[in-house]
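# Survey of secondary and tertiary structure
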Amino acid sequence: MWLTYISFAAAATIAASIIYNLFLHPLAGIPGPLLARITPLWIFCQCKNNRRPNLDLQLHQQYGSVVRISPNEVIFSNPAYFKTVYGAGSSRAWGRSPFLTVHNQFARDYDRLNMLLESDMDKLRFQRRVFGPVYSTANARKHEELIDNNDRRFAARLQSLAGQVMDFYVELEYLGVDIYCEMTFGEAFGAVERGDDGGQMESMAKRWSWIGYIGFIPWLCALQHELMKRNVPFSQFRCPFPVHAVPTIEDTITPCILDDLQIVSKTKSGVGRSWATDMAMTNIGAGIDTTSWTLAAVVATVGSNPSAYEKLQTELEDAVKSGLIKKNTPVPYDATLSLPYLQACVNEAMRLYPNVAVSLARIVPQEGIVLDGYYIPPKYIVGMNSKQLGLSEEVFGADTSSFIPERWLEASKEQLGEMESRNLGFGGPSRKCPGKNVAWVAMAKILAGLYLNFEVEVLNKLGGEEGPGGRRWIELGSFPTKWEGMEVRVQPR
Ligand code: HEM
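This one's a predicted model, so the numbers in the text were calculated from it and none came from an experiment.

A few words now on the nonpolar core. With 141 residues, the main nonpolar core has Phe 131, Phe 168, Val 299, Ile 376 and Tyr 451 as its most contacted residues. The contact partners of Tyr 451, leaving out residues within four places of it in the chain, are Val 298, Val 299, Val 302, Tyr 309, Leu 312, Gln 313, Leu 316, Val 456 and Arg 493.

Dropping the structure here:
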């Protein structure tokens, strides 16, 4: 009998929630897939099945510029609202959605730091201010030698694999692991030399994938965190470089970013006890995937555009002739600043293939917002997908679905300013990625060395047939995007 009452009550609650979400909810008038308007389980399942990378683009094509992807969340595609939601100074009003902040297990512990997930804006601003200089271009250049070591190891590995078909994304992940490990802790992990990262990237991918869907149901995530505290193994994530192995300033042999972070900790008042090591772990968690992917995006786009490939090589050959750079020698970062076509290729690849190709979701502040005629009240979630923004002709000019590095070189000063400021590749101005400079220094050096010393041939097409190595190149992901099966062959030049 009780079971019947309970079943009836449950059915009535579900029916009432469906009716409310479809007809009475403040976002009821916004188009979107039927199930998405009823329950967050729809977007949860899309992401759980790794379908996020192109989902938002398809939804905008089908439903228009404002789409309801979950009962309380919409995505928008009109860049006119970019400055309001992401502009400099908007971070205090437009908080990050619980999709990310719910993962912050350190939220109530001042001594711990997780900048990516932080929702306390005063703490975030202080963290960013004190550690900002460590992540400046000048400081990254101070550690250039650590990138050079990896450039040499990578070149040696490519020499040894010359003529063979490689899953190049995997090779770039090994490289990412070593670069960030050496820059952060002063010692490479050894993934490039071994051709094996001991499953670290796979485990990190699982963790990111989990974050990318569980965050849509924050209470479920909070419950998981509670249970994980009691050692219930809900995710298979293993910290790639266990914190107990993090060296202290006294025992690091090579000066590295951890030393810089420790110096800040010891010299600035107000810095939490574990901030330096927590920030060092952020280099690993937030830097490897994103940088490896962006390197792969450049190789993919340049490799499928013969004219861009030729121009890039001509630029590098001219730089050799003028004495700016030397073959088989790591390219100094300063020299990459005189390689405008290379820099344009990175910008253009990031426009078409940003790694974080999801809506960067924000909570609507007190005043609400009107998006293309739809009023979104306070506390609901809105966001824009950087891949969608990259297609905006208003911001990036004509033919945005094609890879045209020249758009970054031929734009007027004013247009270039717009392209750089209305851009989500490294996040919006209000919460810009602090690792951008470090990542850029590493990427520019690695790419210059790669195209200077090797012919790089991309052998299959994303979403197309199997390559000669028998792999299909597919794209998947729920938060950072991943590629599998990108086949490349290199030959020394
Ligand atoms: C090519 C490499 C990278 C890409 C494409 C990238 C991309 C991004 C993006 C899109 C965001 C904005 C997320 C949002 O607003 O919701 C972001 C934020 C962030 N990134 Fe990166 N990132 C890269 C490298 C790094 C590195 C090396 C670090 C190491 C410190 C890092 C740490 C962070 C942190 C802590 C945030 C949060 C900042 C805040 O909320 O104030 N990233 N990144």
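Structure's up, so let's keep going.
Let's shift gears to the site of the ligand. Around the ligand, 30 residues are found, and the nearest of them are Arg 96, Arg 128, Arg 362, Arg 431 and Cys 433. Here Arg 96 contributes a side-chain N or O atom positioned 2.3 Å from an oxygen atom of the ligand. Contacts to the ligand include Arg 431, whose side-chain N or O atom sits 2.6 Å from an oxygen atom. If you list the elements that add at least two residues to the shell around the ligand, you get helix H7 (121–131), helix H15 (275–303) and helix H23 (436–453). If one sorts the elements of the shell around the ligand by residue count, H15 sits on top with eight residues. Among the residues forming the shell around the ligand, the class breakdown is 16 nonpolar, nine polar and five charged.

So, on to the sheet that holds strand S7 (residues 381–383). Reading across from one edge, S1-S2-S7-S4 is the order of the four strands in this open sheet, with mixed pairing throughout. At either end of the open sheet lies a strand with only one pairing partner, and these are strand S1 (66–70) and strand S4 (362–363). Where S1 meets strand S2 (residues 73–76), four bridges bridge the pair, whose relative direction is antiparallel. Each residue of the ladder has a partner; that of Ser 70, found in S2, is Glu 73.

Exactly one protein atom donates to the iron atom of the ligand; that atom is Cys 433 (SG), 2.3 Å from the metal. Residue placement: Cys 433 occurs in the loop between helix H22 (413–421) and H23.

On strand S8 (residues 454–458), burial follows the alternation: Phe 454, Val 456 and Val 458 on one face are buried, whereas Glu 455 and Glu 457 on the facing-out side are not. The pairing of S8 with strand S11 (residues 487–492) spans five bridges and is classified as antiparallel. From the neighbouring strand, Val 458 faces S11, where its bridge partner is Val 488.

Taking strand neighbours across the sheet as the criterion, the three strands line up as S3-S11-S8 in an open arrangement whose pairing is antiparallel. Sheet topology places strand S3 (166–167) and S8 at the edges, where each strand pairs with a single neighbour. Relative to S11, S3 runs antiparallel, the two being bridged by two bridges. Looking across to S11, one finds that Asp 167 is bridged to Glu 487.

Here, UniProt's "binding site: heme" (unreviewed entry) annotation points to Cys 433. By relative accessible area, Cys 433 is classed as partly exposed at 29%.

All told, the structure shown has 28 salt bridges when counted by the stated rule. When salt bridges with common partners are traced through the structure, they connect Lys 83, Glu 394, Glu 418 and Arg 422 into a single cluster.

All right, on to a nonpolar patch on the surface then. Taken together, the side chains of Met 1, Trp 2, Tyr 5 and Ile 6 present a nonpolar region at the surface, about 570 Å² in accessible area. Tracing the chain through its elements places Trp 2 in helix H1 (residues 2–24). On the basis of relative accessible area, Trp 2 is assigned to the exposed category, the value being 66%.

Here is what the cut-offs are and how they apply
Residues numbered from 1 in each chain as written. Predicted model: local features only at pLDDT ≥ 70, side-chain atom pairs only at ≥ 80, totals over all residues. Heavy atoms only, no water. Core = buried A, V, L, I, M, F, W, Y, C linked by side-chain atoms within 4.5 Å. Buried < 20%, exposed > 50% of the residue type's maximum accessible area, 1.4 Å probe, protein only. Contact = heavy atoms within 4.5 Å. Near = heavy atom within 4 Å. Polar contact = N/O pair within 3.5 Å; in protein donor to acceptor, adjacent residues only side chain to side chain. Helix = DSSP H or I, 4+ residues; strand = E, 2+ residues; numbered from the N terminus. Nonpolar A, V, L, I, M, F, W, Y, C, P; charged D, E, K, R; others polar. Pairing = 2+ DSSP bridges. Donors = N, O, S within 2.8 Å, 3.2 Å for Na, K, Ca; no water. UniProt positions renumbered as here; feature names shortened; annotations may be inferred. Salt bridge = Lys/Arg side-chain N within 4 Å of Asp/Glu carboxyl O. Patch = residues over 30% accessible without salt bridge, like charges linked within 9 Å, V, L, I, M, F, W, Y side chains within 5 Å. Areas by Shrake-Rupley, 256 points an atom, 1.4 Å probe, with all protein chains shown as cover.

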